Amino acid sequence: VVRVNPQYPIRAAERGIEGWVELEFTITASGTVKNAVVTAARPSRIFDSEALRAIGKWRYNPRIVDGKPVERKGVRVRLRFRLEND
C-alpha cells in the first residue's frame, strides 16, 4: 500500500556506484514491516542501511486468514539503486 523509495547514498552517487539489495522481512497483522534483514547485496554494504531504512516505512495490506489478519513471514524484495542519466 505504501512504498518509500530509499535515499541514494551521497558517496555512492558521487562515485557512480549502482547496485541492489535483497531483503527478507515479516509483514505484521497490522501491515507494518518487522525483522527486515539484508540477504544479499551488490556491492556489499554500500546500500544496506538505506534499503533497511526505506523498507521499515513500507506498509502492506495484511494477509487475511479465516477473516483475521495474520503475519506473513519470509517476504523478499530486491531494491535497485540506479543513477539517473542526464
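Scroll up to find the structure.
Residues numbered from 1 in each chain as written. Predicted model: local features only at pLDDT ≥ 70, side-chain atom pairs only at ≥ 80, totals over all residues. Heavy atoms only, no water.

I'd like to hear about the sheet that holds strand β1 (residues 19–27), residue by residue, with values.
Taken in spatial order, the three strands of this open sheet run β2-β1-β5, and their pairing is antiparallel. Both outer strands of the open sheet, β2 (33–42) and β5 (72–81), are each paired with one neighbouring strand and no more. Adjacent strand axes in the sheet meet at a mean angle of 25 degrees, parallel and antiparallel pairs treated alike. In terms of strand pairing, β1 meets β5 through eight bridges, oriented antiparallel. Following the sheet pairing, Leu23 is matched in β5 by Val77. Together, β1, β2 and β5 form the strand contacts of helix α2 (residues 48–55), whose direction differs from that of β2 by roughly 150 degrees. (Pairing = 2+ DSSP bridges. Helix = DSSP H or I, 4+ residues; strand = E, 2+ residues; numbered from the N terminus. Axes fitted to C-alpha atoms, helices over the stretch in contact; angles between N-to-C directions. Contact = heavy atoms within 4.5 Å.)

Quick one: what's the story with the pairing of β1, residue by residue and with numbers?
Regular strands have side chains that alternate between both faces of the sheet. Within β1, seven of the nine residues are buried, leaving the element largely enclosed by the surrounding structure. As judged from the seven bridges shared by β1 and β2, these two strands associate in the antiparallel manner. Note on β2: the bridge partner recorded for Val21 is Ala41. The turn linking β1 back onto β2 is made up of five residues, and Gly31 within it adopts a positive phi angle of 95 degrees. (Buried < 20%, exposed > 50% of the residue type's maximum accessible area, 1.4 Å probe, protein only.)

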